[in-house]
Each structure stands twice: as C-alpha cells, then as structure tokens.
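# An overview of the molecular structure
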Amino acid sequence: MQILREIYQLVTIQIKQFYRQPGVLFWAFIFPLAMAWILGVAFTTESKTHYKIAWIVPESIRKPTRLKQFEKKLASSSVQVVWIPESQKEKAWKLYRKQKVVLVMQWQNQKWHFYYDTRLQEAKLLHLEIERKWTHFLTGTKESPPSSVPIQGTRYIDFLLPGLIAMGIMNSLMWGMSWTLIELRMKKLLRRMSASPMSKPGFMLSFYISRMMITAVETLILFVFGKWYFNLTLTGSWLGFFLIFLAGNFAFAGIGVLVASRTDNSRIGNGLINAVTFPMTVASGIFFSYERFPEMAQKFVAILPLTLLSDATRLLFNEGGTLSAILMPATALILYGIIFGAVGLKIYKWH
Amino acid sequence: MSTMRIPNVLALKAENIIKKFGNFTAVNNVSLSVKKGEAIALLGPNGAGKTTFVEMVEGIQKPTAGHIEILGLTWEKQAKEIQHRIGLVLQENRFLDRVTVFETLKLFTSFYNVPSAKAEYALKKVNLVSKRDDYTMNLSGGQRQRLAIALALLNDPELLLLDEPTTGLDPHARREVWNIIKELKKSGTAIVLTTHYMEEAEKLCDKIYIMFQGKILLSGTMKELLASQEYQSIVDLHFKGQLKKSFQHPAVIRQKKFPGGIRFYAKELKEILPPLMEWIKKNQIKIEDLNCRNLNLDDLFTELTGHKLNEQNRKEA
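The model shown is predicted, which means the values in this text are computed figures rather than measured ones.

Cut-offs used in this document
- Residues numbered from 1 in each chain as written.
- Chains lettered and ligands numbered in written order.
- Predicted model: local features only at pLDDT ≥ 70, side-chain atom pairs only at ≥ 80, totals over all residues.
- Heavy atoms only, no water.
- Helix = DSSP H or I, 4+ residues; strand = E, 2+ residues; numbered from the N terminus.
- Buried < 20%, exposed > 50% of the residue type's maximum accessible area, 1.4 Å probe, protein only.
- Polar contact = N/O pair within 3.5 Å; in protein donor to acceptor, adjacent residues only side chain to side chain.
- Salt bridge = Lys/Arg side-chain N within 4 Å of Asp/Glu carboxyl O.
- Phe/Tyr/Trp six-rings, centres within 6.5 Å; stacked < 30°, edge-to-face > 60°.
- Lys NZ or Arg CZ within 6 Å of the ring centre and 35° of its normal.
- Pairing = 2+ DSSP bridges.
- Axes fitted to C-alpha atoms, helices over the stretch in contact; angles between N-to-C directions.
- Contact = heavy atoms within 4.5 Å.
- Domains from an automatic or database assignment.

On to the side chain of B:Arg85. All names here are of chain B. Along the chain, Arg-85 falls in helix α2 (residues 75-85). For Arg-85, a relative accessible area of 2% puts it in the buried group. Of note is the side chain of Arg-85, whose polar atom sits 2.6 Å from the side chain of Glu-158.

What follows is about the pattern of salt bridges. All names here are of chain B. Scanning the entire structure with this criterion turns up 29 salt bridges over all chains. For Asp-134, the salt bridge identified is with Lys-131, shortest N-O distance 3.6 Å. A relative accessible area of 22% means that Lys-131 is categorised as partly exposed. Residues joined by salt bridges that share partners form a network here, namely Lys-36, Glu-81, Arg-85 and Glu-158.

What the rule picks out here adds up to 35 aromatic pairs over all chains. Seen in terms of ring centroids, A:Phe225 and A:Phe230 are 5.9 Å apart; in terms of plane orientation they differ by 85°. Their pairing is edge-to-face. Residue A:Phe230 is classed as buried on the basis of its relative accessible area, which comes to 6%. A connected cluster of aromatic rings, assembled from ring pairs, spans A:Trp55, A:Phe70, A:Trp83, A:Trp107, A:Trp112, A:Trp134 and A:Phe137. Directly above the ring of B:Tyr265 sits B:Arg254, whose terminal nitrogen or CZ lies 4.5 Å from the centroid.

Residues and elements named next belong to chain B. Taken in spatial order, the six strands make up an open sheet running β5-β6-β7-β3-β8-β9, and their pairing is mixed. Each having just a single partner strand, β5 (86-89) and β9 (215-220) make up the two edges of the open sheet. Between one strand and the next, the sheet's axes are offset by a mean angle of 15°, whatever the strand orientation. The sheet contact formed by β5 and strand β6 (residues 159-163) spans four bridges and is parallel. Looking at the pairing, Gly-87 lines up with Leu-160 of β6. Contacting β5 and β6, helix α5 (residues 141-153) crosses the sheet at an angle of about 165° to β5. Relative to strand β7 (residues 190-195), helix α6 (residues 171-186) is tilted by about 150°, and along the sheet it contacts β3 (39-43), β6 and β7.

This next bit is on the domain arrangement of chain B. Its domain assignment divides chain B into domain 1 (10-226) and domain 2 (230-294). Here the C-alpha centre of domain 2 of chain B lies 42 Å away from the C-alpha centre of domain 1 of chain B.

Here the focus is the sheet that holds strand β2 (residues 24-34) of chain B. Residues and elements named next belong to chain B. Pairing in this open sheet of three strands is antiparallel, and the strands run β2-β1-β4 from one edge to the other. Edge strands, defined here as strands with exactly one partner in the open sheet, are β2 and β4 (65-70). In this sheet, adjacent strand axes meet at a mean angle of 20° when their direction is disregarded. The sheet contact formed by strand β1 (residues 12-21) and β2 spans seven bridges and is antiparallel. Within β2, the position partnered with Ile-17 by the bridge is Val-30. Set on the sheet, helix α1 (residues 50-58) makes contact with β1, β2 and β4; between it and β1 the angle comes to about 120°.

This is the structure we're talking about:
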C-alpha cells in the first residue's frame with residue numbers, strides 16, 4: 001500500500017507541476033493542434049492548380065480558329081496559354097527560363113512539338129494530359145472523367161493525424177519524462193528524494209502514469225479536433241487503440257529512462273533526445289510515407305518504435321484494424337519498453 | 001518496514017573510512033563514533049572531506065574502504081531501514097519549483113510512510129506555517145533550509161545528518177536554524193553536523209572533529225581540544241619600528257614574529273600581560289595595536305594546519 005501512496009503523491013505532484021506552467025501547456029496541447037490544422041488544411045483541402053504554357057505559332061496561320069477552340073478547352077482544365085508568334089519565339093524560352101510557363105509547345109508541320117526539362121514530373125504529366133486532350137479534340141471523342149475512390153481514409157489528413165498522435169506520444173514521453181528526469185538530476189532535485197526510502201521503480205512508474213495521463217489528453221484533443229474539423233474517424237477497434245496507446249507510452253517511457261540514465265548536462269540531454277526523436281520523426285513516415293526509402297532501409301525503418309506505433313495507429317484509424325491485428329506491434333513496443341527501461345534502470349545515476 | 005530500536009547501540013560508527021576519486025584521496029582513514037543523543041561537529045574548511053564523509057554515511061556515496069554502521073545497521077544489508085531511521089539535510093537543498101511547501105512535505109510523508117499529519121507537525125516545528133502554501137521557488141535561503149530540516153524531521157530520526165546547514169544564511173536565519181537544532185538535541189536526537197563556523201560547532205555540539213585534507217587532525221570536547229595545547233592565551237602585539245630587545249619571560253611558552261608584530265603564546269593572560277606591559281614601557285615600543293584573547297578553535301585550526309579556518313571559504317566566496 002505504501003508504494004501506491006507514493007505513486008499517487010508523485011503523480012499528483014507531477015500533474016500539478018505540469019499545469020502550473022502555462023508555457024508547457026502551449027507546447028503540449030496547442031502546438032500539435034496547430035500543426036494538424038495547418039498541415040491538414042494545406043494538403044487536404046481541394047484546390048485547383050493552374051498551369052501556364054507557351055504556344056509558338058507561325059504567323060502564316062491567319063485564322064487559328066481550331067487552335068483557339070483548343071485553347072478554350074485547355075482553359076476549362078485550368079491551363080492558360082500564352083500565344084507567341086514564331087518570329088518572337090525567344091520570348092517563349094525567356095518565359096520558360098523564368099519558370100513563368102511549365103512547358104513550351106510549337107505548332108510545326110500541322111502537329112505540336114513539346115519542349116521542357118524531361119526530368120520534371122509536373123511538366124511530363126502536363127505534356128501527356130495536353131496530348132490526350134488534343135487527341136480527343138481532333139477525334140471529337142468525349143473524355144471519361146475519373147471517379148474518386150469510394151473508401152475513407154485516403155486524404156492526407158487521414159494519413160497525417162494518426163502519425164501526429166504517434167509522434168505526440170513519443171515527444172510527450174521523451175521531452176516530458178526523459179528531459180524532466182535529466183533536469184531533476186541536473187538541478188540536484190533527485191538527490192534528496194533518492195536519499196529517502198522512496199521506491200525507485202515506483203518513482204519511474206509515477207512518471208509513466210503522469211505522462212500517460214497528459215498524453216491521453218493531448219491525444220483526445222487531437223482526435224476530437226480531427227473528428228470535428230476533418231471528419232476523421234477511428235474505423236478499427238477502440239480496445240486496440242487503447243492497447244497500442246499504452247504500449248506506445250510504455251516503449252517511449254523505457255527509451256526515455258535509458259536516455260536520461262546518466263547525463264546531468266542539459267546540452268548532452270538535449271542532444272540525446274533529439275538524436276532519438278529527430279531521425280524517427282523523419283524516417284518513420286509521420287508526414288510522408290516511408291515507402292519512398294530504398295527497400296533495405298524500409299526494413300529497418302519498419303521496426304523503429306515510432307513506425308510500429310504510427311503504422312498500427314493508421315491501421316486502426318483508416319483500415320478498420322482489429323485488436324488481433326495490432327497485437328504484434330503492441331508486443332514489440334512493450335518489449336522495447338522492457339529492454340530499454342531495464343537497461344536504463346540498471347545504469348541509472350540517482351545522485 | 002521494521003523499525004525496532006535496539007538500545008545501547010551507537011548512532012553512528014565509522015571505522016577507517018577511505019574515499020578515493022582516482023588518485024585523489026578525499027577521505028583518508030577517518031574513524032569516529034556518535035552515541036545516541038550526542039551531537040558532533042565535523043569542522044573544517046571547504047574541501048576538507050566533510051561532505052564526502054557525510055555522504056558516505058547518508059548512503060549517497062560508497063566508501064573505497066572501511067566500515068559504516070548506523071544504529072547497528074549497514075547500508076549493504078539494511079539500506080531501507082537506515083533510510084527510514086535517519087534524517088538528512090544535504091549541503092545543497094533544492095526542491096521542485098512549482099510545488100508548495102506543504103505539498104513537498106506531504107510527498108515526503110509518503111516516502112517515509114508516516115501520516116500526512118506529520119507534514120503539519122514538521123511545518124510548526126521549523127516555524128514555516130505562514131509559508132505553507134507558497135511555492136518552494138519563492139522561499140528565502142533561510143526558509144529553504146528550514147524546509148530541508150522539516151523534511152528531515154518527518155520520520156522522527158534517531159540520527160540527523162546536517163551538512164553545512166547554515167552556510168550562506170544571514171545571522172538571523174542562522175540563529176533560527178541553530179535554535180531548531182538545539183531543540184532536536186534536547187529531544188535526544190543524535191546529530192552529525194558539518195560546518196566551517198567554529199561558533200556553530202562550539203554552540204551546538206558535544207564533540208568536535210577537526211578535519212583537514214581528508215583527515216581528522218584532532219577530536220574531543222571543546223574543553224579537551226583547547227586543553228590539548230600547552231598555551232591557553234594569545235597576545236598579538238603590533239608596533240612601529242624595530243625591536244631592540246626581545247621579550248623573555250617564563251609566562252611566554254613561545255613567540256612568533258609576523259609582519260609588523262609579534263605573537264606571544266602563554267598559559268594565562270594574567271601571567272603574561274603585566275610583564276609584557278612593563279617591557280613595552282621600558283623599551284618605549286610604539287604600540288599600534290594590542291590584541292589579547294583566550295585560545296579559540298580558529299587559532300587551534302591555524303596552529304594545526306597553517307591555514308585559517310575560513311580562509312579558503314572566503315577565497316571561494
């Protein structure tokens with residue numbers, strides 16, 4: 001019972017310390033929300049992209065009626081044409097060089113010639129699109145418009161928000177727990193406590209519990225915001241989500257203890273935490289899919305704790321993941337927590 | 001946790017304690033014992049090894065060699081029980097910033113497994129009731145020190161270890177801390193106090209251990225320490241010009257020249273002062289200053305080490 005009383009007191013104190021610092025409240029609750037909103041709006045809201053292209057046309061075409069009709073057709077697809085007479089074709093290259101136009105087309109011998117840097121995907125796609133439209137225009141056939149995919153979870157925000165939840169868990173534990181532990185040692189606050197009969201595992205457990213409570217609020221805020229603003233839903237198992245949330249917290253608590261186990265220097269502590277969190281933030285596919293990495297690297301990235309956590313969270317949010325489907329990643333995360341936490345506690349410097 | 005108290009056991013027994021940091025020996029073969037209800041002082045300048053020694057007693061550091069017994073218990077076998085039965089005030093006392101005085105005490109009551117009501121008791125004991133709901137970050141140096149003592153009192157310790165509890169405090173705050181320590185001593189708590197203030201050691205402790213460069217140079221009651229020297233009085237004579245003839249008298253045990261003056265060591269002031277005054281008059285010595293005093297701990301320390309007790313502390317300050 002004594003240990004429960006200790007943990008209760010420690011958790012209470014840690015929560016109080018947290019909400020008594022308004023600055024921390026901003027970073028914990030407002031910042032992730034702002035990031036989700038900015039990125040979600042920037043990459044999810046439908047917006048038409050406008051392209052400008054240059055047409056070099058011989059002066060000999062006195063009445064380019066057909067071309068004018070085609071120009072109208074392109075305009076309806078947000079492609080704007082800049083007409084340039086052949087005698088002034090230097091002007092077209094000038095516009096291209098200044099990136100005012102995506103590509104240059106020249107009407108020669110009754111057909112179009114396309115000019116652009118072939119390494120540029122955008123120009124390449126526009127070339128194919130214009131050529132396809134030109135064929136339909138010439139033959140008079142109708143284009144079949146594409147239909148959107150009849151499933152949920154394909155928007156960028158559907159990809160992003162579960163990743164942000166995973167990243168929030170990592171950052172909360174790494175900065176909220178690991179950094180706090182380093183700070184306690186740095187300010188010599190740990191010394192007095194550890195010289196008392198305080199239970200050391202209980203002390204660590206209290207950090208895990210208090211951080212998890214704070215992370216739960218952070219996650220809930222993100223989730224409610226996603227639901228309200230982007231109509232985001234958890235299509236899979238709620239129990240599974242709870243389990244992966246606990247496992248994710250546990251994994252990063254263990255890593256946090258190891259990172260905080262020795263140093264009493266703020267710069268080294270900062271560096272260590274960044275060395276853990278930054279590569280995972282970049283590699284684990286929080287903002288963009290890690291499928292873009294080389295295959296060899298992907299195998300390694302896939303077993304990183306943040307990747308396991310974000311992939312499992314996405315599975316639950318977007319693919320209707322079941323409890324059994326996330327058992328493997330949850331077990332792996334718990335193992336991470338046990339291994340790193342045990343090593344961390346073993347070498348932990350209490351004074 | 002068993003807290004069975006065995007009578008007639010020493011509160012602290014330290015035998016041949018050595019602590020090395022690489023090639024540096026911070027504590028060199030220190031042995032001492034503290035009876036229950038006794039208060040001892042480890043007196044010495046900064047770097048004497050006092051804190052390292054006390055931290056070994058507190059279980060914060062492990063000795064390189066030697067044996068420590070606290071209330072008949074050892075850190076190797078009964079660490080938790082020792083922690084439950086001792087109280088400690090570290091040299092640097094820092095507390096969680098945005099936590100109130102009472103919350104801090106309440107947290108520690110859970111560590112010591114004592115009722116929360118003990119927090120109120122400790123607050124009263126150190127006279128901090130008015131600061132009960134203040135954040136610890138807003139406390140003055142003296143108040144922080146009193147809070148540190150309050151934490152040490154939560155478990156009614158049988159042995160209290162105070163590491164320089166008044167360093168950096170103003171005279172008023174220092175006296176307040178002294179009063180608390182005096183009261184604890186009265187209640188029968190064994191006390192180990194490290195200090196570089198001789199007045200503190202003299203006023204609060206039964207026995208004094210003079211420490212320098214990791215070693216105990218001398219120990220005993222104040223009386224015993226002073227009696228260890230053949231002289232009991234010191235006269236410092238500051239004068240202008242040169243001495244034509246030196247002062248020779250059976251009352252002078254020895255004398256030492258220093259720039260602009262001479263120091264006489266004697267058994268008693270009354271034995272040396274009349275002939276000295278006569279000699280001054282006879283030799284027409286132009287006195288700038290004449291300082292007479294009974295031997296004190298500062299003199300003793302200087303005599304033993306060649307340094308003044310507070311010399312290093314002042315330099316560091």
